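The primary structure of each chain is shown beneath.
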Amino acid sequence: MAKDLRISYLLDFYGEMLTETQREAVDAYYNQDMSLSEIAADRDISRQGVRDAIKRAEQQLTEMEEGLGLCRRFEDMQKKLEAVCDCALDIQELNALHSGVEEIDLRVARILDLCKEIVERD
């Protein structure tokens, strides 16, 4: 069974919506890099049972992302936040080259601090 590492990312967003068995199996397989046999032995179920749980979970996670788009929106927001930070740094550089207005530097610093807070919260 080939690993789709995107599933590990989807698990972070939607894992709580899976059954405990599915969540644990997917976490063991993708995040802990355990084999199907190792997971089966660890949980005292068949290898096929583990495979089925993972396959169902993968399908559910994919369907949740298709319907809700939380990962897609999160990635989009991260890109836009990065663009805001880049613009703030550009403003800071232009300000230093042209007039060096202290108020502009203070506002840029505030924007960068807010961006940092947002990133650290996620």
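This write-up is about the structure you can find in this document. (Residues numbered from 1 in each chain as written. Predicted model: local features only at pLDDT ≥ 70, side-chain atom pairs only at ≥ 80, totals over all residues. Heavy atoms only, no water.)

**With respect to the overall build of the chain**
Worth spelling out the cut-off: Elements are defined by DSSP. Helices are runs of H or I of four residues or more, strands are runs of E of two residues or more, and each kind is numbered from the N terminus. What the globule rule says is 2.2 Å times the number of residues to the power 0.38, and the radius of gyration is computed from C-alpha atoms. Each residue is assigned to one of three classes by its accessible area relative to the maximum for its type, calculated with a 1.4 Å probe on protein chains only: buried under 20%, partly exposed between the two thresholds, exposed over 50%. Residue contacts follow a heavy-atom distance rule, with two residues in contact if any of their heavy atoms lie within 4.5 Å. For every accessible area listed, the method is Shrake-Rupley and the probe measures 1.4 Å; residues are considered covered only by the protein chains on display. Note on charges: Lys and Arg go in the positive column, Asp and Glu in the negative column, and His and the chain ends are not counted at all. For this purpose, a charge sits on NZ of Lys, CZ of Arg, CG of Asp or CD of Glu.
Tallying secondary structure elements over the chain gives six helices and zero strands in all. Since a compact globule built from 122 residues should have a radius of gyration of about 14 Å, the 22 Å found for the chain marks it as more spread out than a globular shape. The burial tally for the chain puts 28% of its 122 residues in the buried class. Within the chain, contacts between residues at least 6 apart in sequence are counted, and of these 57% link residues at least 24 apart. On the chain, roughly 8,300 Å² of surface is accessible, and the fraction owed to carbon and sulfur atoms is 52%. Charge separation in the chain, taken as the distance between the mean sites of 16 positive and 28 negative side-chain charges, equals 5 Å.

**Considerations on the packing of helix α1 (residues 6-14) against helix α2 (residues 20-31)**
We apply this condition: The convention used is that axes are lines fitted to C-alpha atoms, helices contributing only their stretch in contact, and that angles between N-to-C directions extend from 0 to 180 degrees. Angles below 35 degrees are treated as roughly parallel, those above 145 as roughly antiparallel, those between 65 and 115 as roughly perpendicular, and all remaining angles as oblique. Note on convention: near helix rotated counterclockwise from far helix by under a right angle means a left-handed crossing. Clockwise means right-handed. Ten residues, namely Ala, Val, Leu, Ile, Met, Phe, Trp, Tyr, Cys and Pro, are considered nonpolar, four, namely Asp, Glu, Lys and Arg, are considered charged, and the remaining ones, Gly among them, are considered polar.
With their axes 9 Å apart at the nearest point, α1 and α2 run at an angle of 140° to one another. By the angle between their directions, the pair α1 and α2 is classed as oblique. Every pair of crossing elements has a handedness; the one defined by α1 and α2 is left-handed. Where α1 abuts α2, its residues Ile-7, Ser-8 and Leu-11 lie against Arg-23, Val-26, Asp-27, Tyr-30 and Asn-31. When the residues that make up the contact of α1 with α2 are grouped by side-chain class, the tally is four nonpolar, two polar and two charged.

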